[in-house]
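A closer look at the structure
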Amino acid sequence: MSTPADKVDRARLRMVDVHKSYPGRPHTLQGLDLAIDRGEFLTLLGPSGSGKTTALMLVAGFENPTSGDILLDGKSLVGVPPYRRGLGVVFQDLGLFPHLSAVENVAYPLRMRGQAPADALRLARDMLERVRLPDLQSRRPHQLTVGQQQRVALARALVFEPSMLLLDEPLGSLDRSVRKRLLQDIRRLHEALGITVLFVTHDQSDALTVSDRVAIIVDGRLRQVGTPSDVYDSPSDAFVARFVGESNFLPGTMRSHQPDGRCEVALDSGETVQAQAVDVTGVGARASIWLRPERIVVNPAHGRFGNRFTVTVQSVRREGPWRLIDVRLPGGATLATRQPPGDTEPPEPGSQAEAAWSIEHCRALRPLP
Amino acid sequence: MPSGHSPDHGSLHATRVRWRLLRRLLSRRLEPLRGLGPVWLAVPLLAFLVIAFVVPLLTLARVAVENRDLERQLPRFVDALRADLEEVPGEEAFRILADELLTHRRAETLNAALKSLSQQDRQVWLLVSRTAEAYPDGVVPEVKRWFVEFNAEWASISTWRVLRRVAAPLTIHYLAGALDAGLGPDATIEANPPSRRGNLGLLARTMLFATAVTALAMALAYPVAHFLAHLEHVPGRWLMMLLLIPAWAGALVRTLGWVVMLGRQGVLATVMRDLGASADAMVLVPSRTGLLLAAATALVPFAALPCYVGLRRLSPRYLQAAQSLGAPPVQAFLSAHLPQVLPAVALGAAVTYILATGLYTTPLLLARANDAPLSVVLFDVVDKVANPNAAAALAIWTMLLAMIPLVLCLRYLSAWRRALPGASVGGDQAWVHPGGAGRLVRVLAFGVVAVMSAPLVMTVVHAFAGGEHVSFPPEGISLGPLSTLVDTARWLPRFGQSVGLAVVAALLATALGASAALALHRVDIQGRYRLALVLCLPLAVPSTIYALALYLATGAGNRSESFWVLAAGHATLGVPAALLIAWSALTATGRRVEQAALSLGAPPRLALRTTTLPLIAPGLAGAFLAAFVISFNDVVLPVFLAPERFRTLSLELLDGLRVGLTPELVAVGAECLIVTTVVAFAGERLMRWHLERHGEV
């Protein structure tokens, strides 16, 4: 793999063509190439069983890659035992030592690095204050709430100034509000300390909220790496599109394909849609039209849209401030739409309406098998 | 009370009122019990343990302080002494004493009559017996004067203090004597003269023996537990079997195996002789090395199991976390792993220590005469010296000393448990540790299992080898010995009796254990461990001491109902195993199926019968088999309790072995081993078949 020299310098962690397989099981990782820049917050996002935790365990050193290389600051980590890697890890189940108090847990890595007990405890206390847990330091883990335990685990992974922080779905068991606050704290610490973070999760909203970049992994392969808006607005294939956010998919066939990517797709329900071709080529190929519900405008007041249809309103619901309106195209295909709250009354179910969307938000993807 | 009632009427009324009050009081007292609900299921076992376990132990304690011998022999004199105050009594007491002594002299029972006196104070005993022999047959006008003239000691208050003490119903003489102390003339505790010491040495030797055995057993057990806990596949069943068969084989067969291995004609000695080296160094029976090795390997399974359970419940995550935080493997183990398995290790050690104190067969057959620990001496004290009081006192002290580590351990364990509830990742879940155990651990574990199995393998090899002597290498292989060498007329009835006893004991243990397990399963978490602790109490008493207690409680001489006493005793020994196996079967089944049955309209009893019981049936069979094997292989209780008519196979085998090792005994031992193995494998098969049919619930 050839990369410009300046990128090599900027990358803190680089995974080069990493394979991992276990005997008697399908490949867990199949040629992972990923570079994480210094100070970057990168999220590895994938469904369960996609190999994301395996990737993290390879970086942490609890597993060795079957082939390929993992470089930290340009030096290979393969064969380096976990305790010499100097990476902070927050495990899914935290792994707080139940026989040690919160502050002793945080002091542990410092003690292992030969710090005097008094110094270690002082630094541990400082760190616990930074994660906003100053009063509960002498408690044992089981005397803390789950949220507090997460903060202790975070403090323990950060206190020895690791070159990277690895987070393995540490928020899984929290309810939404606690989780949101903790995410903000993690992000704040990340910015304050300038630390490089590799965050593994299956929760796309977590991933899109905190990350600088998101890497989507499916079946042991990276599908797309990009900023949250890249991934959300310009998915590289149907899988990413389906995995992140809500989507409408309409099956059809390519009718024309221009060099600038503009294409026409004949839907199976009969209509013709103008779209942006992504990973489909050639007239006559099967394609799936993808568009986000919020990109469809029902009864547009003005504006130019590449696609405009008369539709039948099927149902109108509310979700928070949004109106969720399901409409049916003349040929029978159904679209979910999401409309901002407006002054006008919502259309009645059964009535006719106009639905329109622009070409750049409507993408033709290769259908999932 | 209203007037006009006859006195009879009044008392009747009063009785009624009292009865009503009592009933109200009782029902109020029982009110909280009603809330216990499922605990009632444990009541049969609790009642059984009170009768078969608590009462014998209380009897043991009573015998240790009881002092009624003199009262039986000289009843009128003891009566007269009690009436008297703190001074030399008058003419009357002297006359009664003279009369009773004379009666005994004529019946030639003087020595038996003064036995307790002879045990408790030699000088006064000498005085009394000489006086009794010298006392004239004719009429003595002034008895007291005659006594005092015969020996001035009779006028001394200290003589009478001793007599009063020996006549008192309770004494601490035996308890003190077990610690090499006695009561001086002025009722102070003093050290015995050197000629009458030896008990402290015996106790110390016993403790030292148990400590050494425990230390060695733990050292051998930890690698095995570590290895098992790190197996990739959760059960590793066949390896567990390999570990458990030596445990199930019973002390007797195991010890026989060690004699075959280490005896004068044993495997090691013969191999050394063939190599031209001196064989004497390899004759380890009897010797301290051989004894320690045999005793420690016997206890390895018991030491390993708690460690194994502790290690299994420990998430591998802690080691990973420690390593990611910068701790190298050894340090990670010491700082993150060990503190958390320490409770399990300590519990294993405490239980092993009690078992080591109770070892009987191994030291009996392998220890040098002056090395014998208390469990071996105890029987001699009862049987040869005929001094049950002294034996009971020794047993009480030994039991207390043996229980100290367990009590400490349970105390700190509960503190530990409070400190680490659910906080340990995954709670009670079992973990697969990735990567397996290191090579060193693997080699150690296999070494330990090999050393444990070697004597058993040798026993079987020799049994098939036959020949006139037990020797190595075997003189040929044939199937003959198992049938021809064994005198069926001698062994078959014994075998039948052993099986009959084991079936009765195992049925009893399983029924009581299963019912109590249901109680444990249903009671809430807090009460559960406390109740389990109470029900497993028989584990906390060394088996020899329990045997002695049972022997004393059932009347040392009266052995006509000893089949039932033996069965109850064996059931008591089998109950903890049966209870724990049934409990784990229930835990594996869970309560959901029964709740489903209840929601579908089955009343509680029917729900239990149609869902839970069929599901745990293999567990109950396993519990039965475990209790069966415990009874079948036990020799301690039969040694103390079996009458001449009722002799179990193991008892016959032990008596044979005390005379000397013969091919016939090896063949019988091998047969016992084969029975045990078949039963164990049957149990294992049953479990697997059950799991395959129902899946792991």
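What you are looking at is a predicted structure, and each value in this text was computed from that prediction instead of being measured. Positions within a chain are numbered from 1, following the residues in the order the chain's sequence is written. Labels follow written order: the first chain is A, the first ligand is 1, and so on. It should be noted that, the model being predicted, local features are given only for residues of pLDDT at least 70 and side-chain atom pairs only at 80 or more, the latter also being counted only at that level, while totals for whole chains, interfaces and linings use all residues. Side-chain calculation: all heavy atoms of the structure are included, whereas hydrogens and water are not.

Quick look at the domain arrangement of chain A
Residue and element names in this part refer to chain A.
- Reported domain spans reflect what an automatic or database domain assignment gives. Annotation of chain A at the domain level lists domain 1 (4-239) and domain 2 (246-365).
- Computed from C-alpha atoms alone, the centre-to-centre distance between domain 1 and domain 2 is 39 Å.
- At the junction of the two partners, domain 1 supplies 8 residues and domain 2 supplies 9 residues.
- Once two parts are put together, the accessible area they lose, assessed with a 1.4 Å probe and summed over both, is termed the buried area. Of the roughly 690 Å² buried where domain 1 meets domain 2, counting both sides, 48% is carbon and sulfur surface.
- By the criterion of area lost to domain 2, the three top residues of domain 1 are Tyr 232, Pro 235 and Ala 238, representing 60% of everything that side buries.
- Salt bridges, as used here, are contacts in which a Lys or Arg side-chain nitrogen is within 4 Å of a carboxyl oxygen on Asp or Glu. For Arg 295, the salt bridge identified is with Asp 233, shortest N-O distance 3.5 Å.
- Any residue that is not Ala, Val, Leu, Ile, Met, Phe, Trp, Tyr, Cys, Pro, Asp, Glu, Lys or Arg is counted as polar, Gly included; the first ten are nonpolar and the last four charged. A class-by-class count of the residues in the side of domain 1 that touches domain 2 yields 4 nonpolar, 2 polar and 2 charged. Note on definitions: a residue-residue contact is assigned when non-hydrogen atoms from the two residues lie within 4.5 Å.

Thoughts on the pattern of salt bridges
- A complete count under the given rule lists 35 salt bridges over all chains for this structure.
- Where Arg 76 of chain B meets Glu 100 of chain B, a salt bridge forms, and the shortest distance between an N and an O atom there is 3.9 Å. You can see Arg 76 of chain B sitting in helix H4 (residues 75-83) and its partner Glu 100 of chain B sitting in helix H5 (residues 91-107), a full 24 residues away along the chain.
- Partly exposed residues are those whose accessible area sits between 20% and 50% of the maximum for their type, while under 20% is buried and over 50% is exposed, using a 1.4 Å probe and protein chains only. In this structure Arg 76 of chain B comes out as partly exposed when scored by relative accessible area, which is 45%.
- On the basis of relative accessible area, Glu 100 of chain B is assigned to the buried category, the value being 9%.
- One salt bridge connects Arg 494 of chain B with Glu 652 of chain B, and the closest N-O pair in it is separated by 3.0 Å. Of this pair, Arg 494 of chain B sits in helix H24 (residues 488-522) while Glu 652 of chain B sits in helix H31 (residues 649-659), and the two are 158 residues apart along the sequence. Across this residue pair, the class does not change: Arg 494 of chain B and Glu 652 of chain B are buried.
- Put simply, Arg 132, Arg 151, Asp 185 and Arg 188 of chain A are held in one network by salt bridges that share partners. Counting from the N terminus, the helices are the DSSP runs of H or I reaching at least four residues and the strands are the DSSP runs of E reaching at least two.

Section: the nonpolar core
Residue and element names in this part refer to chain B.
- Within this scheme, the nonpolar core is defined by two criteria: the residues are buried Ala, Val, Leu, Ile, Met, Phe, Trp, Tyr or Cys, and they are joined through side-chain atoms within 4.5 Å. If you look at the biggest cluster of nonpolar residues, it comprises 224 residues, and the most contacted ones within it are Leu 60 and Leu 548.
- The residues contacting Leu 60, other than those within four sequence positions of it, are Ala 392, Ala 395, Ile 396, Ile 545, Leu 548, Ala 549 and Leu 552.
- Counting 30 residues, the second largest nonpolar core, distinct from the first, contains Leu 70, Leu 81, Leu 110 and Leu 127.

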